[in-house]
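Structural overview for review
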Number of protein chains: 2
Amino acid sequence: MSSTPTTPLVSGEKAGRREQILTAAAELFAQHGFHGVGIDDIGAAVGISGPALYRHFRSKDAMLGEMLTSISRYLLDGGEAHAERDGDADEVLAALVRFHVDFALTHPALITVQERSLANLADTDRRQVRALQRRYVEVWVRVIRAAVPGLDQAHARSAAHAVFGLINSTPHSRHLPDDQQAALLERLALGALHAA
Amino acid sequence: MSSTPTTPLVSGEKAGRREQILTAAAELFAQHGFHGVGIDDIGAAVGISGPALYRHFRSKDAMLGEMLTSISRYLLDGGEAHAERDGDADEVLAALVRFHVDFALTHPALITVQERSLANLADTDRRQVRALQRRYVEVWVRVIRAAVPGLDQAHARSAAHAVFGLINSTPHSRHLPDDQQAALLERLALGALHAA
DNA sequence: GCCGGAGGTTAGCGAGCGCTAACAAGACGT
DNA sequence: ACGTCTTGTTAGCGCTCGCTAACCTCCGGC
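Residues numbered from 1 in each chain as written. Chains lettered and ligands numbered in written order. Predicted model: local features only at pLDDT ≥ 70, side-chain atom pairs only at ≥ 80, totals over all residues. Heavy atoms only, no water.

As annotated in an unreviewed UniProt entry, chain A carries the name TetR family transcriptional regulator and is attributed to Prauserella shujinwangii.

The following block contains the structure:
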């Protein structure tokens, strides 16, 4: 609604140069870490070479910044959309889990980058990402507490983080077809939460 | 029995210089990533300055290598010890979960480093760490399949990774006293596995 | 038919980093 | 008393990396 028109979170395909660069960079950052990837590597990954990237981004840090803030915003938006849909509390929770699982399975590189290199962000960007993440966690806390009785805020927050860890572990283990992996992760996540 | 006598996994306190350096380095690597930490930073953290570290380690990579292999070996040894103790399958699983939770809560920096910077390891070290980790996963797979009926290898392996992610998430969320956090993680982990 | 902007190229700068070299000072066995 | 081993110091080399400068080329509008 505000800056970019639709924000389909990159999605390959037609994608302008900026998006193309961001997806390539995400893949590289995920594999080698932020400092382990050079400007030239990113350029090479999209077929142009080195400093041409500065026609599209102000700095290497700006790439990471845009990457992480767009992820966080996408998750927050999606999370809020699911949380606001009224219905059975258990079903809302299941939908939220499914949403996050789906994201983790379709964008493993982004998951890895977000976990790994928040520390490499410039101060301003890091504050913004942190804020978005906090709000996303709060969405989960509300939904969890509605579905699982007898959990105080602190326990619900810890449980939310734990479930993120569970779901986000998926880039480290892809020995199952996607649909089976998704089904398993959903069962595990919901099993964990209902045992809390 | 082979190289080092007892291998108490560092543990601060008396600890020789090498161990002191490794713990300091782990903390820094966890905060800023491997490439984000300079030789001088590590030296400063233990009160000596810069190149003095080369009296104790052959290179910066060697520090990371020793750090990660010792973690992996500690986990594998502990895991096998718990798995071999016979008794109720559920109780063995619970003990294994408790073991890993305990490790994650007492060594959050090591957890973070192991997740984050496997990619920064030299080839030889990385192969060794990978091998140790694989064996640790296999311990879990056996214990899980004994306690949870109807899981094939692949599903059990995915579930193991997911539970690692769940437990290892604890460095990102410390807003609960340690004992409550441990109890919660145990419940979540076992809840997840029994729902698999 | 020109011209300005968009998006590339290569050359090279300045800074930071891992690591080595050369040297100093205390502990200690003989 | 002396040499040697250990563990520290500072200076500095060489390389890599992020980024800028200067230049080229295509392309669409008037």
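As for the packing of aromatic side chains
Residues and elements named next belong to chain B. The tally for this structure, following the rule as stated, stands at twelve aromatic pairs over all chains. Ring plane angle 35 degrees and centroid distance 5.9 Å describe the contact between Tyr74 and Phe99, whose orientation is recorded as tilted. Placement of Tyr74 in helix H3 (residues 60-84) and of Phe99 in helix H4 (residues 89-106) is noted, with a sequence separation of 25 residues between them. You can call Tyr74 partly exposed: its relative accessible area is 29%. Consider the rings of Tyr136 and Trp140, whose centres lie 6.3 Å apart with planes at 75 degrees: the pair is edge-to-face. With Tyr136 and Trp140 both in helix H6 (residues 123-147) and four residues apart, the pair spans about one turn of that helix. (Phe/Tyr/Trp six-rings, centres within 6.5 Å; stacked < 30°, edge-to-face > 60°. Helix = DSSP H or I, 4+ residues; strand = E, 2+ residues; numbered from the N terminus. Buried < 20%, exposed > 50% of the residue type's maximum accessible area, 1.4 Å probe, protein only.)

Concerning the relation of the copies chain A and chain B
Superposing chain A onto chain B takes a rotation of 180 degrees combined with a translation of 0.0 Å along the rotation axis, leaving an RMSD of 0.0 Å. In symmetry terms, the pair is related by a two-fold rotation axis. A symmetric contact is evident, with 100% of the interface residues of chain A recurring at the interface of chain B. (Least-squares fit on C-alpha atoms with pLDDT ≥ 70 in both. Contact = heavy atoms within 4.5 Å.)

Regarding the protein's contact with DNA strand D
Around DNA strand D lies a shell of 15 residues, among which Tyr54 and Lys60 of chain A together with Arg17, Arg55 and His56 of chain B are the nearest. When atoms of DNA strand D within 4 Å of the protein are split into backbone and base, the sugar-phosphate part holds 52%. Arg55 of chain A places a side-chain nitrogen or oxygen 3.5 Å from a base nitrogen of DNA strand D. Looking at side-chain class alone, the surface near DNA strand D contains seven nonpolar, four polar and four charged residues. (Near = heavy atom within 4 Å. Polar contact = N/O pair within 3.5 Å; in protein donor to acceptor, adjacent residues only side chain to side chain. Nonpolar A, V, L, I, M, F, W, Y, C, P; charged D, E, K, R; others polar.)

Looking at the UniProt feature "DNA-binding region" (unreviewed entry) in chain A
As recorded in UniProt, the sites labelled "DNA-binding region" (unreviewed entry) are residues 38-57 of chain A. Structurally, residues 38-57 of chain A comprises 35% helix and 0% strand, and the distance from its first C-alpha atom to its last is 14 Å. (UniProt positions renumbered as here; feature names shortened; annotations may be inferred.)

Some remarks on helix H4 (residues 89-106) of chain A
Residues and elements named next belong to chain A. In this model, H4 (18 residues) spans 26 Å end to end at C-alpha, consistent with the 26 Å of a helix rising 1.5 Å per residue. Three or more residues of H4 are buried, namely Val92, Leu93, Ala94, Ala95, Leu96, Val97, Phe99, His100, Val101, Phe103, Ala104 and Leu105. In the core, the buried residues of H4 are packed alongside helix H3 (60-84), helix H5 (108-116), helix H6 (123-147), helix H7 (153-168) and helix H8 (178-194). (Expected span 1.5 Å × (residues − 1).)

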